[in-house]
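# Geometric and topological summary
If you want the building blocks of each chain, they are given just below.
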Amino acid sequence: MVRQKLHSLLELCTKTTVFTYQDNIYEQTNGMAMGSRLAPVFANIFMEWFEVDAMNTYMQKPKMWLRYVDDTVVVWQHGVDKLQSFLQHLNSIHANIQFIMETEENGKLPFLDVMVNKQPNGKFGTGVYRKSTHTDRYLHADSHYCPSQKMELLHTMATRAVRIDEENHVNEEKTYLRQALKNNGYTIKNINKAIRKAEKRKNTTRNDDEENKEDEKKGTLILPYIQGITDRISRITQKLKLRTVFKPNTVAGSLLRNPKNKLPETQTPVVYEIPCSCGKSYIRQTGRAIATRIKEYEKDVDYQRTEKLSVAEHAKNKGHDIQFDKVKILNKENHFGKRMYKEAIEIEKCPENFNREDEWKISKTCLSIIQQTKRKSTNNTENSSIQEKVTINVMENYRCRKGRPKCQKCQKQQQ
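So, here is what we can say about the structure in this document. (Residues numbered from 1 in each chain as written. Predicted model: local features only at pLDDT ≥ 70, side-chain atom pairs only at ≥ 80, totals over all residues. Heavy atoms only, no water.)

A few words now on the packing of helix H4 (residues 147-164) against helix H6 (residues 188-201). At a minimum axis distance of 8 Å, the contact between H4 and H6 shows a crossing angle of 50°. In terms of axis orientation, H4 runs oblique to H6. As for how H4 packs across H6, the hand of that crossing is right-handed. For the pair formed by H4 and H6, the contact residues are Met151, Leu154, His155, Ala158, Thr159, Val162 and Arg163 on the first element and Asn190, Ile191, Ala194, Ile195, Lys197, Ala198, Glu199 and Arg201 on the second. Its residues assigned to classes, the contact of H4 with H6 comprises 8 nonpolar, 3 polar and 4 charged. (Axes fitted to C-alpha atoms, helices over the stretch in contact; angles between N-to-C directions. Helix = DSSP H or I, 4+ residues; strand = E, 2+ residues; numbered from the N terminus. Parallel < 35°, antiparallel > 145°, perpendicular 65-115°, else oblique. Left-handed = near helix turned anticlockwise from the far one by under 90°. Contact = heavy atoms within 4.5 Å. Nonpolar A, V, L, I, M, F, W, Y, C, P; charged D, E, K, R; others polar.)

See the structure below:
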């Protein structure tokens, strides 16, 4: 029974891939969506099945078959003609899985970032492999990134050099690495320091003391990196046994236009405000189309479903008019957790609300800051710019059912 339910859930997660393009809605019918957390798992499971089926259905088998995701390195001992036949066999198993083949040249064959070379004694040697299009451009030393992230780049490059290269070629790789990193603004002192650290750690493993130090950390704090400010904060958080992670404020992707079609404003996840004629407001978040959500509120008010939401309860008990035609979008946020926090902040900033007490709560540490940015009366135009709000007329998105006097469409029809 559990297995059937799991199978149904996996089908639901993998077969309901819907997206929009140029105002048309499409469904992906083959493969998995890029970015899906299940995609790498399913890809590996499929490729494992593919490998077993390929080997069991062919007479000659390779001496060695190693795969990393979709890249394979193979040792074939049955001749070139049989190798081409084996390639055709692989490409005949599944129409969407097609292999291309690259054979060794001068006893060398690249695999990922490793150059595998055949030695005279029959053994294999390794070295760092760079494509012909490689430009040696890395994160520049003058970039506005945390210094620890720049040093990690040096450590990563140095570790790859000392671990992949053979002993008789490692000095050549170190010389190349020093020049490439120097061209990216790094000092020889820091480069040599990273190389020495990589050599020291080459034959050692992480000990229990280092693992215990990581386990002692109480949590992780993610902060935008601002030189001279967040550096000091990290020194304080270390004393509190918090791991601090910095992220850059601006990256190239944030400066480029997103090619994806933007959803209409009324169909994106938002935090919104529904005002009442008494001056109070109801603040809530939704991940659905706000026009649909307002329709539901209207029905709740019409049928006096006071047990569901405080909007209908307020309208019934107080006899006030809920102004559905003056709904305001306070914030846009796709991430559910962030949206819930923004909802809680907006509720705190607007004490004149009739929300119930079951919303998320803001920590006492943040309350003092929020108190300083509480929204003032809407009559004060200077204070109304505390937070930019996008006002929409929701009545344009659905048909009014009862001809309310405050509905703009109904007023036009009556005139």
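Turning our eyes to something else, we now look at the state of the cysteines. Simply put, the disulfide is a covalent bond whose two ends are the sulfur atoms of two cysteines. On inspection of all chains with the given rule, the structure shows 0 disulfides. As a non-bridged cysteine, Cys276 has Cys278 as the owner of its nearest cysteine sulfur, 3.6 Å distant. Overall, the relative accessible area of 4% leaves Cys276 in the buried class. Here Cys278 falls in the partly exposed class, since its relative accessible area comes to 37%. (Disulfide = S-S within 2.5 Å. Buried < 20%, exposed > 50% of the residue type's maximum accessible area, 1.4 Å probe, protein only.)

This next bit is on helix H11 (residues 310-318). When we look at burial in H11, the residues that qualify are Ser310, Val311, Ala312, His314 and Ala315. Positive backbone phi, approximately 70°, marks Gly319, located one or two places after H11.

The 3 strands are arranged E5-E6-E7 in an open sheet whose pairing can be described as antiparallel. Each edge of the open sheet carries a strand with a single partner, namely strand E5 (108-111) and strand E7 (124-128). In this sheet, adjacent strand axes meet at a mean angle of 30° when their direction is disregarded. Here H4 sits on the sheet in contact with strand E6 (114-118) and E7, set at roughly 160° to E7. (Pairing = 2+ DSSP bridges.)

As a further point, take a positive patch on the surface. A contiguous patch of positive charge on the surface is contributed by Arg163, Lys189, Lys193, Arg196, Lys197 and Arg201. Among the elements that take part in the positive patch, H6 stands out by supplying 5 residues, more than any other. (Patch = residues over 30% accessible without salt bridge, like charges linked within 9 Å, V, L, I, M, F, W, Y side chains within 5 Å. Areas by Shrake-Rupley, 256 points an atom, 1.4 Å probe, with all protein chains shown as cover. Salt bridge = Lys/Arg side-chain N within 4 Å of Asp/Glu carboxyl O. Lys, Arg positive; Asp, Glu negative; His and termini not counted. Charge placed at Lys NZ, Arg CZ, Asp CG, Glu CD.)

Another aspect to go through is the packing of helix H5 (residues 170-183) against H6. Their axes nearest at 10 Å, the elements H5 and H6 cross at an angle of 140°. Comparing their axes, H6 and H5 come out oblique. The interaxial crossing formed by H5 with H6 has right-handed handedness. Contacts between H5 and H6 involve Lys174, Arg178, Leu181 and Lys182 from the first element and Ile188, Ile191, Asn192, Ile195 and Glu199 from the second. Split into classes, the residues belonging to the contact of H5 with H6 amount to 4 nonpolar, 1 polar and 4 charged.

With that settled, consider the packing of aromatic side chains. For the coordinates displayed, the defined rule picks out 11 aromatic pairs. Both rings, one in Phe46 and one in Trp49, keep their centres 5.5 Å apart while their planes meet at 40°; by these two values the pair is tilted. With Phe46 and Trp49 both in helix H2 (residues 39-56), this residue pair falls 3 residues apart, about one helical turn. Taking relative accessible area as the criterion, Phe46 reaches 27% and is therefore assigned partly exposed. What makes Trp49 partly exposed here is its relative accessible area of 44%. The ring of Tyr297 has Arg293 sitting right over it, with the charged end atom 4.5 Å from the ring centre. (Phe/Tyr/Trp six-rings, centres within 6.5 Å; stacked < 30°, edge-to-face > 60°. Lys NZ or Arg CZ within 6 Å of the ring centre and 35° of its normal.)

Right, let's talk about the pattern of salt bridges for a bit. All chains considered together, the criterion is met by 10 salt bridges. Notably, a salt bridge pairs Glu51 with Arg67, separated by 2.5 Å at the nearest N-O pair. Here the residue Glu51 occupies a position in helix H2, and Arg67 occupies one in strand E3 (residues 64-68), the gap between them amounting to 16 residues. Classification of Glu51 by relative accessible area gives buried; the value is 15%. One salt bridge in this structure joins Asp113 and Arg160, with 3.5 Å as the shortest N-O distance. Taken as a pair, Asp113 in the loop between E5 and E6 and Arg160 in helix H4 lie far apart in primary sequence, 47 residues in all. Classification of Asp113 by relative accessible area gives partly exposed; the value is 28%. A cluster of three or more residues bridged by salt bridges with shared partners is formed by Arg288, Arg293 and Glu296.

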